[in-house]
Amino acid sequence: MRLLVIGAAIAVSVPAGAQYYTSEMNPPAPQYYPPSAPADSMAMPLPVAPTVPRSYEDLMRDELAYDLATPSNITTTADFDPVTGCYVVRTRMGDIDIATPFMLTAEQYNNWQFRRSMQQFYRERNMALVTDKEKQPFNVFDMNFALGPLEKIFGPGGVSLKTQGSVQVSMGVKSNKTDNPSLSLSARRKTYFDFDQKIQATIAASVGDRMKFNMTYNTDATFDFDSKNLKLAYEGKEDDIVKSIEAGNVSMTTGSSLIRGSTALFGVKAKLQFGKLTATALMSQQNSESKTVNTRGGAQTTEFTVNADQYDQNRHYFLAHFFRDNYDRFASRLPYVSSGVNITRI
């Protein structure tokens with residue numbers, strides 16, 4: 001009788017005519033704690049998970065927190081084999097297989113995917129606890145609150161409020177004293193406050209992804225209507241009839257050169273769409289006006305009309321040709337007017 005040992009399988013052969021018996025043994029489990037280390041190496045104090053899974057047990061093994069993450073170019077995927085009804089798991093580095101593929105049953109594949117989804121869920125929850133704005137210290141210049149059930153109306157995003165800009169305020173006291181003997185003692189000294197402010201602030205707020213509010217305040221603006229700008233806007237979705245609603249400082253633009261648009265308007269503007277018909281309604285107050293200036297020969301010319309009853313004080317008008325023809329003779333002895341005519345009623 002001969003005894004053959006091949007790997008982990010043991011086969012026993014007997015003379016011809018006898019029955020053959022074959023016995024197979026499972027390979028030993030990987031040892032993460034080597035009982036003895038070579039003289040030129042050192043035993044690891046903690047176990048290290050294999051980077052490349054080679055069996056179903058490797059896929060279901062718990063992750064170790066101190067292990068490094070798998071490189072991004074190494075991926076483990078499962079492909080369904082319709083012939084066997086099983087899933088073939090392959091580990092590749094790019095397009096090259098770096099491990100022997102192995103098969104999973106449908107039940108094993110479902111357990112693996114469920115475990116991966118649970119790990120991903122708890123990983124995202126743990127990251128949210130670290131990066132969630134609600135857990136950060138309260139900042140009055142950047143606030144964010146959740147809407148809860150109102151997200152169905154205004155959309156996701158919560159309530160956000162951001163403030164940017166600068167505020168400069170200077171205050172002082174001035175006292176002036178005049179040594180004038182003609183003034184009383186209480187009138188010789190004058191004390192008053194000197195107050196000056198310079199504000200350039202912008203406030204941007206949003207409710208979900210549909211409603212937005214913007215406010216700008218600038219004390220250095222050239223025009224008074226530019227110093228304060230308020231705008232509350234509601235934006236509808238693609239299939240909504242109400243496309244947009246604006247309140248505050250709005251503008252009206254037209255696509256025609258015959259009807260000019262207007263800016264610096266304060267009111268309410270709505271844009272509606274009914275199929276292929278788009279309607280824009282505006283109700284506002286105009287805070288600006290337009291003027292036309294004509295020049296001729298380098299001089300500005302302006303046409304105007306003055307009625308007879310809207311005369312200016314200290315100006316003379318010729319009421320008839322008689323006064324025009326005799327003006328030089330009547331004014332030759334100024335300041336005495338020698339016309340001899342006294343007009344008492346017009």
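Preceding block: the structure.
Because the structure is a prediction, the values reported are computed rather than measured.

Peer 1: It is not clear to me how the packing of aromatic side chains should be interpreted in this structure. Could you clarify?
Peer 2: Counted under the stated rule, the structure contains six aromatic pairs. Each ring, one from Phe322 and one from Phe323, has its centre 5.3 Å from the other, and the planes form 75°; the classification is edge-to-face. On the basis of relative accessibility, which here comes to 43%, the residue Phe322 falls in the partly exposed class. Ring plane angle 55° and centroid distance 5.9 Å describe the contact between Phe322 and Phe330, whose orientation is recorded as tilted. Overall, the relative accessible area of 7% leaves Phe330 in the buried class. One aromatic cluster is present, built from ring pairs that chain together Phe80, Tyr87, Tyr109 and Trp112.

Peer 1: Would you mind going over the pairing of strand 5 (residues 86-93) with me for this structure?
Peer 2: The side chains of a regular strand alternate, first on one face of the sheet and then on the other. In this structure, strand 4 (residues 74-81) lies alongside strand 5, joined through eight bridges in antiparallel fashion. Its bridge partner being in strand 5, Thr76 is matched across the sheet by Thr91. In this antiparallel pair of consecutive strands, strand 4 and strand 5, the connection spans four residues, and Gly85 shows a positive phi of 70°. Bridge analysis of strand 5 against strand 7 (residues 102-104) gives three bridges, and the strand direction is antiparallel. Within strand 7, the position partnered with Tyr87 by the bridge is Leu104. Bridge analysis of strand 5 against strand 6 (residues 96-97) gives two bridges, and the strand direction is antiparallel. Looking across to strand 6, one finds that Arg92 is bridged to Asp97. Count of turn residues in the strand 5/strand 6 antiparallel hairpin: two residues, of which Gly94 carries a positive phi of about 75°.

Peer 1: Please explain the nonpolar core as it appears in this structure.
Peer 2: Nonpolar side chains in soluble globular proteins tend to end up buried together. Grouped together as the largest cluster of nonpolar side chains are eight residues: Tyr56, Leu59, Tyr87, Val89, Phe102, Leu104, Tyr109 and Trp112. Of all the secondary structure elements, the ones that give two or more residues to this core are helix 1 (56-60), strand 5, strand 7 and helix 2 (106-131). The residues touching Leu104, leaving out its near neighbours within four places in the chain, are Tyr56, Leu59, Cys86, Tyr87, Val89, Tyr109 and Trp112.

Peer 1: Please clarify how the pattern of salt bridges should be interpreted in this entry.
Peer 2: For side chains of opposite charge, pairing can occur when their charged atoms come near one another. Under the counting rule described, the total for this entry stands at seven salt bridges. Across the pair Lys174 and Asp194 runs a salt bridge, and its minimum N-O distance is 3.8 Å. Here Asp194 lies in strand 10 (residues 189-207) and Lys174 lies in strand 9 (residues 159-177), a separation of 20 residues in the sequence. Using a relative accessible area of 40% as the deciding quantity, one classes Lys174 as partly exposed.

Peer 1: Got a minute to help me understand unusual backbone geometry in this structure?
Peer 2: Note on backbone geometry: most residues besides glycine have negative phi, and most peptide bonds are trans. In this chain, Leu334 is followed by Pro335 through a cis amide linkage whose omega measures 10°. Mapped onto the fold, Pro335 is located in the segment after helix 6 (327-330).

Analysis parameters
Residues numbered from 1 in each chain as written. Predicted model: local features only at pLDDT ≥ 70, side-chain atom pairs only at ≥ 80, totals over all residues. Heavy atoms only, no water. Phe/Tyr/Trp six-rings, centres within 6.5 Å; stacked < 30°, edge-to-face > 60°. Buried < 20%, exposed > 50% of the residue type's maximum accessible area, 1.4 Å probe, protein only. Pairing = 2+ DSSP bridges. Helix = DSSP H or I, 4+ residues; strand = E, 2+ residues; numbered from the N terminus. Core = buried A, V, L, I, M, F, W, Y, C linked by side-chain atoms within 4.5 Å. Contact = heavy atoms within 4.5 Å. Salt bridge = Lys/Arg side-chain N within 4 Å of Asp/Glu carboxyl O.

Keep in mind these values describe shape, not function.
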